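Structural overview
Read off the chains here:
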Amino acid sequence: MVKDVAEVILNSTYLTALTGAGVSAESNIPTFRGKDGLWNKYRPEELANPQAFAKDPEKVWKWYAWRMEKVFNAKPNKAHIAFAELEKLGILKAIVTQNVDDLHERAGSKNVLHLHGSLRVVRCTGCGFEFEVEEPPEIPPLPACERCGSILRPGVVWFGEMLPPEVLDRAFMEMERSDVVIVAGTSAVVQPAASLPLVVKRNGGIIIEVNPSRTPLSEVADFSIRGKAGEVMEEILSEVRKALF
Ligand code: APR
Ligand code: ZN
């Protein structure tokens, strides 16, 4: 199947990717669902929504500071590197990611759209000022905006919040242009991200899924490869390279 997928990728005119937490799993960043998922240990209602933050900002900030620590100290894995190589070869045109880590960028990917924001970004709840951080903030005290004094929040999209409209528009545009999309490491249950690959399908394009488990997308995917993103993407890249050089 990998050889067929590599051929589809080589013959594509506009290849994109939609990635989820599973592509960062091999960098020791926990996913959200499944056996050791974050949502098994923590309740998203208590941590990843505006009401939780309003009720107990210190508790929410402590959890995000822990996640930032994990992400900032993590290394890109073979999956991130393979995606970056496919972009360097001029084959992969864009990655739309649900992930809030920056491992795609740190692996060398340039065109990355973050649907759910980024742990690298912190935003003021008052004046909206936002900036990138190298380190997680020490909590307590609650980080305050140097411009207006309001408390800062993680620059991620919480449950019940709108996705950044310009990013979402661009993501749909990328899918409208795609004749092939690789969907890797996502349980394909969270909207609107899960609808993006269906745009490619509706336009007669090809969906390639990479996931050790079945997902709701598996039955509509043209290729559904049961495997870890690191290994599978590395195999796909080596087949592509063999055909090119
Ligand atoms: N390689 C590929 N896929 C993997 C791997 C791996 N090594 N390990 C796990 N997976 C798969 C799991 O089988 C699962 O289908 O990754 C998927 C992870 O699913 P989720 O934990 O639901 O993560 P994701 O799909 O990214 O969640 C979407 O939900 O909680 C919100 O905002 C959060 O962006 C997140 C969104
Ligand atoms: Zn401010």
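The structure presented is a predicted model; accordingly, all values stated were derived computationally and were not measured.

**Thoughts on the pairing of strand S7 (residues 180–184)**
- With five of five residues buried, S7 lies mostly within the body of the structure.
- The side-chain alternation of S7 yields two buried faces, one formed by Val-180, Ile-182 and Ala-184 and the other by Val-181 and Val-183.
- Judged from the five bridges that link them, strand S1 (residues 15–19) and S7 form a sheet pairing that is parallel. Bridge pairing in S7 links Leu-15 to Val-180.
- Judged from the five bridges that link them, S7 and strand S8 (residues 206–210) form a sheet pairing that is parallel. Pairing of Val-183 across the sheet is with Glu-209, part of S8.

**Re the coordination of the zinc ion (ligand 2)**
- For the zinc ion (ligand 2), the full set of protein donor atoms is Cys-124 (SG), Cys-127 (SG), Cys-145 (SG) and Cys-148 (SG), at a range of 2.2 to 2.3 Å.
- Each of the four donor atoms around the zinc ion (ligand 2) contributes to a set of angles spanning 96 to 121 degrees, which defines the coordination as tetrahedral.
- In primary-sequence terms, the residues that donate to the zinc ion (ligand 2) follow C-x2-C-x17-C-x2-C.
- With relative accessibility at 6%, the residue Cys-145 sits in the buried group.
- Judged by relative accessible area, which is 38%, Cys-148 ranks as partly exposed.

**Thoughts on the site of ligand 1**
- In the neighbourhood of ligand 1, 21 residues make up the surrounding shell, with Phe-32, Arg-33, Thr-186, Ser-187 and Asn-211 lying closest.
- Glu-26 places a side-chain nitrogen or oxygen 2.9 Å from a nitrogen atom of ligand 1.
- Here ligand 1 has 730 Å² of accessible area as a free molecule, and 90% of this is covered by the chains.
- For the shell around ligand 1, a count of residues per class yields eight nonpolar, ten polar and three charged.

**Considerations on helix H7 (residues 78–88)**
- When you tally the buried positions in H7, you get eight out of eleven residues, the bulk of the element.
- Those residues of H7 lying buried are Ala-79, His-80, Ala-82, Phe-83, Ala-84, Glu-85, Leu-86 and Glu-87.
- Downstream of H7 by a residue or two, Gly-90 has a phi angle that is positive, lying close to 80 degrees.

**Notes on the pairing of S8**
- Counting buried residues along S8, four of its five residues qualify, which places the element largely inside the surrounding structure.
- In this fold, S7 hands off to helix H10 (residues 196–202), which returns the chain to S8; that crossover is right-handed.
- In the sheet, S8 pairs with strand S9 (residues 223–225) via three bridges, with the strands oriented parallel. Its bridge partner lying in S9, Val-210 is registered against Ile-225.

Quick notes on the rules
Residues numbered from 1 in each chain as written. Chains lettered and ligands numbered in written order. Predicted model: local features only at pLDDT ≥ 70, side-chain atom pairs only at ≥ 80, totals over all residues. Heavy atoms only, no water. Buried < 20%, exposed > 50% of the residue type's maximum accessible area, 1.4 Å probe, protein only. Helix = DSSP H or I, 4+ residues; strand = E, 2+ residues; numbered from the N terminus. Pairing = 2+ DSSP bridges. Donors = N, O, S within 2.8 Å, 3.2 Å for Na, K, Ca; no water. Tetrahedral: all angles 85-135°; square planar, octahedral: opposite > 155°, others 65-115°. Near = heavy atom within 4 Å. Polar contact = N/O pair within 3.5 Å; in protein donor to acceptor, adjacent residues only side chain to side chain. Areas by Shrake-Rupley, 256 points an atom, 1.4 Å probe, with all protein chains shown as cover. Nonpolar A, V, L, I, M, F, W, Y, C, P; charged D, E, K, R; others polar. Right-handed = clockwise from strand over helix to strand, strands pointing away.

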